[in-house]
Amino acid sequence: MYERLVHMLSIKGFAKAETLAEACDTPVDEIESTLDALHKDALLETTRMGVKLSGLGKARAAHLLQSQREQGDSAALEEFYSTFESINAEYKQALADWQMRMGPDGPIPNDHLDHGYDEQVKERMFASRRVLTDGLDALATSWPSLALYGDRLTRAFEKLSSGHQRYVAAPLIDSYHTVWFELHEALIRATGRNRAEEAAAGRAV
């Protein structure tokens, strides 16, 4: 859990214990205990927005990432990233269609009153979900920092399927889009890419 939280905070930037507990599917008291250990090792700083990595914490995250690069299956990671890119394009379009839809005079905010429309969008949004989660499961052994993302996507999808529509894209919970964005950032870093370049190429969410 210690190294897992270092990785998650390196991606999130900052977070509260409750947010980390939801993402890790772990009791809050266990998360708080690990955060206490990270504080004692001077890897964390406390802000009004939650905890974040200190300079030492960021150095630790960079070291952990470099260790995985040296030991992980880089060919498998690149193959998965290529698959992710193709899925990401459709996901981005579906997410845009979830947020906005065509009205009589052009795009308008989606009020989510047309359940048929929403269901069609969600079907597109999650069409490749199993391809993604199966690929992440296959990578988990050699890239342990990616191990949680498949489970997080699955939990968000299950909450959506139970009627909790906030789990499509709400930013302050472990929604499907929250996890997707963080997964993309983790993949960019793992492969040695740059988010600004990915965004310029139209691939970043």
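Scroll up a little and you will see the structure.
Note that this is a predicted model, so its numbers are computed, not measured.

## Looking at the overall build of the protein
- The number of helices and strands found in the protein is 10 helices and four strands.
- Going from the N terminus to the C terminus, the protein shows its helices and strands as α-α-α-β-β-α-α-β-β-α-α-α-α-α.
- The C-alpha radius of gyration computed for the protein amounts to 18 Å, which stays within 12% of the reference 17 Å derived for 205 residues, consistent with globular compactness.
- By its C-alpha atoms, the protein is 60 × 40 × 30 Å across when sized along the principal axes.
- By the burial criterion, 44% of the 205 residues in the protein qualify as buried.

## Describing the pattern of salt bridges
- All chains considered together, the criterion is met by 14 salt bridges.
- Close ionic contact of K12 with E182 constitutes a salt bridge, the shortest N to O distance being 2.8 Å. Of this pair, K12 sits in helix 1 (residues 2-12) while E182 sits in helix 9 (residues 176-190), and the two are 170 residues apart along the sequence. For the pair K12 and E182, a shared accessibility class is recorded, and that class is buried.
- Close ionic contact of E45 with K52 constitutes a salt bridge, the shortest N to O distance being 3.9 Å.
- Several salt bridges share partner residues, and in doing so they unite K12, R152, D174 and E182 into one network.

## With respect to the side chain of K12
- Relative accessible area serves as the criterion here: at 18%, K12 is assigned to the buried category.
- A distance of 2.8 Å separates the side chain of K12 from the side chain of E182, its partner in a polar contact.
- Residue contacts for K12: discarding those within four places in its chain leaves T19, L20, R152, D174, T178 and E182.

## What about the environment of R189?
- Checked against the element boundaries, R189 lands in helix 9.
- On the basis of relative accessible area, R189 is assigned to the partly exposed category, the value being 30%.
- Apart from the residues lying within four places of it in its own chain, the contact partners of R189 are S10, I11, L65 and R69.

## A word on the packing of helix 5 (residues 74-99) against helix 9
- The geometry of helix 5 relative to helix 9 is characterised by a closest axis approach of 11 Å and an angle of 145° between their N-to-C directions. For helix 5 against helix 9, the interelement crossing comes out left-handed. Residue-level contacts link L77, F80, Y81, F84, I87, N88, Y91 and L95 of helix 5 to Y176, H177, W180, L183, H184, L187, I188 and A190 of helix 9.
- Tallied by class, residues from the contact of helix 5 with helix 9 come to 13 nonpolar, three polar and no charged.

## Focus on the environment of A37
- Its place among the elements puts A37 in helix 3 (residues 28-40).
- Its relative accessible area of 28% is what places A37 among the partly exposed residues.

## Remarks on the pairing of strand 3 (residues 100-103)
- With four bridges joining them, strand 3 and strand 4 (residues 106-109) adopt antiparallel strand pairing. Across the sheet, the residue bridging to M100 is P109, located in strand 4.
- Counting the residues that bridge the hairpin from strand 3 to strand 4 gives two residues.

## Looking at the packing of aromatic side chains
- Across all of its chains, the model carries seven aromatic pairs by this definition.
- Each ring, one from F126 and one from F157, has its centre 5.2 Å from the other, and the planes form 80°; the classification is edge-to-face. Here F157 lies in helix 8 (residues 147-161) and F126 lies in the loop between helix 6 (115-125) and helix 7 (129-139), a separation of 31 residues in the sequence.
- Residue classification places F157 among the partly exposed residues on the basis of a relative accessible area of 21%.
- One cation-aromatic arrangement involves R101 over Y117; the distance from NZ or CZ to the ring centre is 4.1 Å.
- Positioned above the aromatic ring of F157 is the side chain of R129, whose terminal nitrogen or guanidinium carbon lies 3.9 Å from the ring centre.

What counts and what doesn't
Residues numbered from 1 in each chain as written. Predicted model: local features only at pLDDT ≥ 70, side-chain atom pairs only at ≥ 80, totals over all residues. Heavy atoms only, no water. Helix = DSSP H or I, 4+ residues; strand = E, 2+ residues; numbered from the N terminus. Rg over C-alpha atoms; globule rule 2.2 N^0.38 Å. Buried < 20%, exposed > 50% of the residue type's maximum accessible area, 1.4 Å probe, protein only. Salt bridge = Lys/Arg side-chain N within 4 Å of Asp/Glu carboxyl O. Polar contact = N/O pair within 3.5 Å; in protein donor to acceptor, adjacent residues only side chain to side chain. Contact = heavy atoms within 4.5 Å. Axes fitted to C-alpha atoms, helices over the stretch in contact; angles between N-to-C directions. Left-handed = near helix turned anticlockwise from the far one by under 90°. Nonpolar A, V, L, I, M, F, W, Y, C, P; charged D, E, K, R; others polar. Pairing = 2+ DSSP bridges. Phe/Tyr/Trp six-rings, centres within 6.5 Å; stacked < 30°, edge-to-face > 60°. Lys NZ or Arg CZ within 6 Å of the ring centre and 35° of its normal.

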